[in-house]
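Results of the structural survey
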Amino acid sequence: MLSNFLSNYRSVAGLIFVVLAVALVELFEVRASVYPSLLPFFEWLKYSSWIGYLGITFGSVYATVQAVHLISMAIIGGTVLVTDLRLLGVLLKDIPSETITKGTHQCFKYSLSVAIATGIFCAAGVADKVYYMPVFWIKMLALLVGSCFMFFIKQPLLNSRSHSEIDPWILRILAVASITIWFTVAATGRWIGFS
Amino acid sequence: MNNSKWDDKTIAAASSSVIILGALLYYWVGEVQSTVELLELAYGSFKFFNNPMIF
Amino acid sequence: MLGWVLPGVSATAIADRLHKPMIIGFVIMFITGLLLVYAKPVENVQSLWFRIKMILLVLAFINAWVFNSRMRAADGTWDSARVAPKGLRTGAIISLSLWCGVVAMGRFIPYDWVDCPKVSNTALLWASGCVEQLNAL
């Protein structure tokens, strides 16, 4: 029966597993015990790695990479907004949502890769500072959740069938959740600069 | 092939969206609350130190 | 326009449908930009990066106006083609480059590499509008 459930409801089983894992992590205070062990890695990132060295020594390189990070985030925001506002029936109503979803996903993947790569460089330059910032960890969590949500939940559902066969309320809540999580990533990222 | 409207992917999408939205709402409402409290504190300090009766 | 994103969708349809959201975005950008300049007016106005950003913004608006006129003039003749005519593609590349420049210059404003007290080059001082330092020279 369990194997039947696992084979027919893989996504749901995966979601239950993740929720249980998070609950256990919080229950046994794993975060508090893992957090101090990350400090050496962050210090290595800033003071010993070449990306940290480049970021600290050449301020203009750091600023340029940050600008590229911003541009890639703007592209992510654009693709997310166009797709999700179409799912909400606000924009581009005369173009099939399947076309919009498939057409923007490639652009989203590329810009997310660039954002993550440039983000690592930016974090490395100030690694000893961001380690102690709660807003940085919230951004990382939001980024992880947003990426997993996009690649394992949203896209598989939207690619599995015609959108007219999916309950409109499911599409709406999917779109709102997606917009909210990526807004959180962007806002907390900007907040890091103010901390 | 499962033709039910509520199949694996749909249930996962609905439940994960609800969980994510709930968590984010909790976070942002908390942030707005703490920001308002900070602003009240700052305003209170400003009024206190700009009061000519206090020196 | 360049055939990179949504190649199967008519570019004029995208331009038409996204025109209103673009205007809304411009309005929000303008209002928030004014508020940001109001917060630190002297530092912003005397920033070389801010001035370059304003120039790029004006160029982006001009390009958008020319680009839109050309697109309306060529309306319907190229919609089914995978890529737009060369003139429109050039306009699209210029538009992308100008807006990337606007974002980059905006990111550079907080950095103090070419701030008035740190610069001695007359051309840079003039370009940044560093009145006090220019008078002192």
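Rules behind the numbers
Residues numbered from 1 in each chain as written. Chains lettered and ligands numbered in written order. Predicted model: local features only at pLDDT ≥ 70, side-chain atom pairs only at ≥ 80, totals over all residues. Helix = DSSP H or I, 4+ residues; strand = E, 2+ residues; numbered from the N terminus. Buried ≥ 20, exposed ≤ 12 C-beta atoms within 10 Å, placed from the backbone. Contact = placed C-beta atoms within 7 Å. Nonpolar A, V, L, I, M, F, W, Y, C, P; charged D, E, K, R; others polar. pLDDT = per-residue confidence, 0-100. Expected span 1.5 Å × (residues − 1). Bend = angle between axes of the 7 residues up to and from the residue. Axes fitted to C-alpha atoms, helices over the stretch in contact; angles between N-to-C directions. Parallel < 35°, antiparallel > 145°, perpendicular 65-115°, else oblique. Core = buried A, V, L, I, M, F, W, Y, C linked by C-beta atoms within 7 Å.

Here the focus is the overall build of chain A. Counting its secondary structure elements, chain A contains nine helices and zero strands. Helices (α) and strands (β) of chain A occur, in sequence order from the N terminus, as α-α-α-α-α-α-α-α-α. For chain A, with 195 residues in total, the buried portion stands at 35%. Of all intrachain contacts in chain A linking residues separated by at least 6 positions in sequence, the fraction that spans at least 24 positions is 80%.

A count of helices and strands for chain B gives one helix and zero strands. Buried positions account for 15% of the 55 residues belonging to chain B.

Bringing the interface of chain B and chain A into the picture now. On the side of chain A, 23 residues touch chain B, which itself brings 15 residues to the contact. For the side of chain B that touches chain A, the per-class residue count stands at eight nonpolar, four polar and three charged.

In this section: the confidence of the model for chain A. Taken as a whole, chain A shows an average pLDDT of 91; of its residues, 100% reach a score of 70 or greater. Taken element by element, the predicted model of chain A shows its lowest mean pLDDT in helix α1 (residues 2-8) of chain A (78) and its highest in helix α8 (residues 134-160) of chain A (94).

This next bit is on the confidence of the model for chain B. Per-residue confidence for chain B gives a mean pLDDT of 84, with 89% of residues at or over 70. Quick note on the complex model: pTM equals 0.86, ipTM equals 0.85.

Turning our attention to helix α1 (residues 8-49) of chain B. For α1(B), which comprises 42 residues, the first-to-last C-alpha distance of 61 Å matches the rise-based estimate of 62 Å (1.5 Å per residue) to within 8%. Three or more residues of α1(B) are buried, namely Asp8(B), Lys9(B), Thr10(B), Ala12(B), Ala13(B), Ser16(B), Ser17(B) and Ile20(B). In this fold, the buried residues of α1(B) make contact with α1, α2 (10-27), α8 and α9 (168-194) of chain A.

The terminal C-alpha atoms of helix α6 (residues 97-125) of chain A lie 41 Å apart, and with 29 residues this matches the ideal 42 Å at 1.5 Å per residue to within 8%. Along α6(A), the helix axis deviates most sharply at His105(A), where the bend reaches about 30°.

A few words on the interface of chain C and chain A. Counting from both sides, the interface comprises 13 residues of chain C and, opposite them, 14 residues of chain A. Listed by contribution, the elements that provide at least two residues to the side of chain C that touches chain A are α1 (11-17) and α5 (86-108) of chain C. A total of five residues in the side of chain C that touches chain A trace back to one element, the largest contributor, which is α5(C). Residues belonging to the side of chain C that touches chain A are distributed by class as follows: 10 nonpolar, one polar and two charged.

As a further point, take unusual backbone geometry. All names here are of chain A. If you check the backbone angles, Glu-29 has positive phi at about 50° while not being a glycine. Its place among the elements puts Glu-29 in the loop between α2 and α3 (30-47). Despite not being glycine, Leu-92 has its phi angle at roughly 50°, a positive value. Mapped onto the fold, Leu-92 is located in the loop between α5 (59-87) and α6. When the 22 C-beta atoms within 10 Å are taken as the criterion, Leu-92 is described as buried.

Moving on, we get to the packing of α2(A) against α1(B). As a packed pair, α2(A) and α1(B) sit with axes 7 Å apart at the nearest point and diverge in direction by 30°. Comparing their axes, α1(B) and α2(A) come out roughly parallel. Two secondary-structure elements touch here, α2(A) through Arg10(A), Ser11(A), Val12(A) and Leu15(A) and α1(B) through Asp8(B), Lys9(B), Ile11(B), Ala12(B), Ser15(B) and Ser16(B). Residue composition of the contact of α2(A) with α1(B), by class: four nonpolar, three polar and three charged.

It is worth spelling out the nonpolar core at this point. Counting residues in each nonpolar core, the largest one holds 35 residues, and the members touching the most others are Ile76(A), Phe149(A), Leu171(A), Leu174(A), Ile181(A) and Ala13(B). With 11 residues, the next largest nonpolar core counts Cys122(A), Ala124(A), Val126(A) and Ala127(A) among its residues.

Bringing the environment of Ser47(C) into the picture now. Structurally, Ser47(C) is set in the loop between α3 (41-45) and α4 (48-73). Look past the residues within four positions of Ser47(C) in its chain and what remains in contact with it is Ile109(C) and Ser128(C).

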